[in-house]
Amino acid sequence: MTDDDEMIVADGVETRVRVTGEGNPLVLIHGSGNHLEVWGRVVPLLANRFRCVTYDMVDHGWSADSDHDATMGDYVGQLRGLLDALSLEAPVLVGHSLGAGVALHTAVADPGATAGVVAVSGSGRRPPKEKAVRLADLSEAAARNPDVDSVRARLGGIVVDPATVEDLIGVRMELLERPGALARTKRVVARLRVDPPPGAAEALWERLAASGVPLGVVWGADDPVTPVSDAQDLAGAVPDSRCVVIDDCGHLPQYERPAEFVEALLATLSPTKKG
């Protein structure tokens, strides 16, 4: 937590929020097991032209815990509650990994509530099962024994160069040392261990295409979690979408390659609303 953070209630969830900059609203949604700090390298590059809103999802960061394994409906409800609480009109939703799924589902549920979606390293598909289970195992191991090595293994396993995420280890350890961290982590990663219904992601893409909400896709060329083919499939399913793949980059492009990420993001944001 910092002095820039505030706690608000979004869909009944006490939610940590940080708002930076002025301009059209840009809501940045982190991925599974993460927290708003993963946007820390790009917000300073975007805040001169956007009102950047970052927050911790339920069961993540310093936001409140749930009493069950959070569903996509829970994540979407929290985001929609956040938009209402902050009176954000038609923001662009930028979602990373699980956060991309949250952004896509939110846009489909209420197309008029967003000016566009940018999916970063996530398409609404679960990662390949063996990768998803390994990510869940590493997350639980770090929560069970939150030392530098276990946290480094979890963070470093999703990027090309583990040194790029070294400065996230401290905040992650602080979070994992909070009471209830292991139970919280198990709730978060439970969805990674469950096989999704066949065709669910493709059905979501079809609904997004029909909604008219503009789509941008940003991906790391060397993503070890979600294959680049997912980016191509998602972009191919939504007419007029824009897809940018960043070279020498893994699953966390906004942290591994912040300048290139911002360039890619800006390239996908025009136009932001189909007429």
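Placed above this text is the structure.
Residues numbered from 1 in each chain as written. Predicted model: local features only at pLDDT ≥ 70, side-chain atom pairs only at ≥ 80, totals over all residues. Heavy atoms only, no water.

Spatially, 8 strands are ordered β1-β2-β4-β3-β5-β6-β7-β8 in an open sheet, and the strand pairing comes out mixed. Across the chains shown, the open sheet's two edge strands, defined by having one partner strand only, are β1 (5–10) and β8 (242–246). Strand-to-strand twist of the sheet, defined as the mean angle between neighbouring strand axes without regard to direction, takes the value 25°. Summarising the sheet, strand β2 (residues 13–20) and strand β4 (residues 50–55) pair through 4 bridges and their orientation is antiparallel. Looking at β4, one finds that R18 is bridged to T54. Along the sheet, helix α2 (residues 72–85) contacts β1, β2, β3 (24–29), β4 and β5 (92–96); its crossing angle with β1, the most-contacted strand, is approximately 110°. The strands touched by helix α9 (residues 228–237) within the sheet are β6 (116–120), β7 (215–220) and β8, with β7 carrying the most contacts at an inclination of about 170°. (Pairing = 2+ DSSP bridges. Helix = DSSP H or I, 4+ residues; strand = E, 2+ residues; numbered from the N terminus. Axes fitted to C-alpha atoms, helices over the stretch in contact; angles between N-to-C directions. Contact = heavy atoms within 4.5 Å.)

Counting residues in each nonpolar core, the largest one holds 46 residues, and the members touching the most others are L26, V94 and F261. Setting aside anything within four residues of it in sequence, one finds F261 in contact with W39, V42, V94, V120, V218, I246, P253 and Q254. With 42 residues, the next largest nonpolar core counts L79, L82, L208 and L234 among its residues. (Core = buried A, V, L, I, M, F, W, Y, C linked by side-chain atoms within 4.5 Å. Buried < 20%, exposed > 50% of the residue type's maximum accessible area, 1.4 Å probe, protein only.)

Within the secondary structure, A203 sits in helix α8 (residues 200–211). Judged by its relative accessible area of 38%, A203 is partly exposed.

For the pair helix α3 (residues 98–109) and α8, interaxial distance at closest approach is 9 Å and the crossing angle is 50°. Classed by the angle they form, the pair α3 and α8 counts as oblique. Once α3 is placed against α8, the crossing between them reads as left-handed. Of the residues in α8, those touching α3 at L104, H105, A107 and V108 are L204, R207 and L208. The class makeup of the residues in the contact of α3 with α8 is 5 nonpolar, 1 polar and 1 charged. (Parallel < 35°, antiparallel > 145°, perpendicular 65-115°, else oblique. Left-handed = near helix turned anticlockwise from the far one by under 90°. Nonpolar A, V, L, I, M, F, W, Y, C, P; charged D, E, K, R; others polar.)

On to the packing of aromatic side chains. According to the stated counting rule, one finds 1 aromatic pair in the structure shown. Centre to centre, the rings of W39 and F261 are 6.2 Å apart; their planes meet at 50°, and the pair counts as tilted. Residue W39 is found in the loop between β3 and α1 (43–46), and its partner F261 is found in helix α11 (residues 258–268); the two are separated by 222 residues along the sequence. Take W39: its relative accessible area is 0%, and that puts it in the buried class. The class for F261 is buried, based on a relative accessible area of 0%. (Phe/Tyr/Trp six-rings, centres within 6.5 Å; stacked < 30°, edge-to-face > 60°.)

Note that all results are geometric; they support no functional claim without further evidence.
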